[in-house]
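Spelled out, the chains give:
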Amino acid sequence: MDQNPISNGNGHAHHSASLPPLSLSILGVEPLDEFIREIADFIHYQISTRPADLQGNVEVEAKIGVLRDRDTGQRLQLPVLVETILTPNAIDLRFESNMSARQHQHYNKLLNNLKTTPSSAHPSSTLTYQHLHLIDSFYAPEGGRGEKIRVTRDEKTGEVRECVRKIRLADLNVYSPKRAADWRISVNLEVPVPPPLGSPTHTRKKDRMSYSHEEFVIDLTQVTSTFGPSSKPEVLHELELELARPEYLLATAAKRGDPNVPEQDRGAFDELIRAFVNNARILVRNADGGWQ
């Protein structure tokens, strides 16, 4: 794959020089893309209705993986031909984000190739790269109820990078029958908390290649989890796309559809989500199998 450019999954269009350019529609405009609008509405609703008493960063991410039937363990089979958003909680399923080491290597090569070969359409818009080694320690919540507290440290320096309680607000699953993988959008709230006392319930080591591009971060991570001194470590490989600036996300969400702001500001949130969806689709369409 190092020799081939990353695929957009659209194939090649052929145009005849004898035909005049076609209008976008009989109205001269492109109809609203309901798929992207549905995802934008979902994210906007979760942001707008998040608990007012909790102050923290809103995290929006898309994980690449496989949707499996909870009873059979097999990949979901639905009577649809193309990428489809599933109604939340309508199907008894689970999302599995763990991929094989070979698939991990495949994505690593693709992303490294993009890092060294900028897009011809936007040569100034390049990927930047960080190789991070992090350790997450998880602590039981005070009183034993609620979400666990996660303390993230730099493995080399021991510096605490985060100490948060992560609250899952909602998930939206996307089934992709023509592709080797599906994807899940999650909206979370990361609430800063004081450093916990006592010993962690479990730890995980994250060897992460983190690629940044414009308003997005793509994290390719090998996760090694340890649940006790006598337990065998569990190794997982994951790929996720995240919105890089929560403050920008909230600022654009606040102006969405506001008639009192310029049109560009009014539509900035939907354009942000459009690019987010496009990036997730590119990652899914370049999967070559390898989910366990």
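For the structure, check the block above.
Here we summarise the structure given alongside this text. Quick caveat: nothing in here was measured; it's all calculated off a predicted structure.

In this section: the pattern of salt bridges. In total, this model carries 25 salt bridges according to the counting rule given. A salt bridge links E83 to R281; the nearest nitrogen and oxygen atoms lie 2.8 Å apart. Taken together, the residues span a long stretch of sequence, with E83 in the loop between β1 (57-69) and β2 (84-85) and R281 in helix α5 (residues 268-285) at a distance of 198 residues. Linked through salt bridges whose partners overlap, the residues forming this network are K63, R208, D219, E238 and E240.

To continue, consider unusual backbone geometry. A negative phi holds for most residues other than glycine; trans holds for most peptide bonds. Notably, N89 is not glycine yet its phi reads approximately 65°, a positive angle. You can see N89 is positioned in the loop between β2 and β3 (93-96). With relative accessibility at 81%, the residue N89 sits in the exposed group. Phi is positive for E214, close to 55°, though the residue is something other than glycine. Turning to its location among the elements, E214 is positioned in the loop between β8 (202-213) and β9 (216-226).

Moving on, we get to the nonpolar core. Membership of the largest hydrophobic core comes to 46 residues, with the highest contact counts inside it found for I39, I43, Y107, W183, I185 and F276. When residues of this core are assigned to their parent elements, the largest contribution, eight residues, is made by α5. Membership of the second largest hydrophobic core comes to six residues, among which are L67, L76, L86 and Y175.

The subject of this paragraph is the pairing of strand β6 (residues 160-175). In this structure, β2 lies alongside β6, joined through two bridges in antiparallel fashion. Bridge pairing links T84 to Y175 in β6. When strand β5 (residues 149-154) meets β6, the two strands line up antiparallel, connected through five bridges. Across the sheet, I149 pairs through a bridge with R165, a residue of β6. What sits between β5 and β6 in their antiparallel hairpin is a turn of five residues, with G158 showing a positive phi close to 80°. As defined by bridge partners, β6 adjoins strand β7 (residues 182-192) across ten bridges and the pair is classed as antiparallel. Following the sheet pairing, R168 is matched in β7 by N188. Count of turn residues in the β6/β7 antiparallel hairpin: six residues.

This brings us to a negative patch on the surface. On the surface, E30, D33, E34 and E38 cluster together to form a negatively charged patch. One can find E38 in helix α1 (residues 34-48).

What follows covers the packing of α1 against α5. The description of two packed helices rests on the angle between their axes and on the distance between the axes. The N-to-C vectors of α1 and α5 enclose an angle of 115°; their axes lie 9 Å apart at closest approach. Note on packing geometry: the crossing formed by α1 with α5 is right-handed. Here F35, I36, R37, I39, A40, I43, H44 and I47 of α1 come into contact with α5, specifically with F269, D270, I273, R274, F276, V277 and R281. Partitioned by chemical class, the residues of the contact of α1 with α5 number ten nonpolar, one polar and four charged.

About the criteria used
- Residues numbered from 1 in each chain as written.
- Predicted model: local features only at pLDDT ≥ 70, side-chain atom pairs only at ≥ 80, totals over all residues.
- Heavy atoms only, no water.
- Salt bridge = Lys/Arg side-chain N within 4 Å of Asp/Glu carboxyl O.
- Helix = DSSP H or I, 4+ residues; strand = E, 2+ residues; numbered from the N terminus.
- Buried < 20%, exposed > 50% of the residue type's maximum accessible area, 1.4 Å probe, protein only.
- Core = buried A, V, L, I, M, F, W, Y, C linked by side-chain atoms within 4.5 Å.
- Pairing = 2+ DSSP bridges.
- Patch = residues over 30% accessible without salt bridge, like charges linked within 9 Å, V, L, I, M, F, W, Y side chains within 5 Å.
- Areas by Shrake-Rupley, 256 points an atom, 1.4 Å probe, with all protein chains shown as cover.
- Lys, Arg positive; Asp, Glu negative; His and termini not counted.
- Charge placed at Lys NZ, Arg CZ, Asp CG, Glu CD.
- Axes fitted to C-alpha atoms, helices over the stretch in contact; angles between N-to-C directions.
- Left-handed = near helix turned anticlockwise from the far one by under 90°.
- Contact = heavy atoms within 4.5 Å.
- Nonpolar A, V, L, I, M, F, W, Y, C, P; charged D, E, K, R; others polar.

Everything listed here is a matter of geometry and, on its own, says nothing about what the molecule does.
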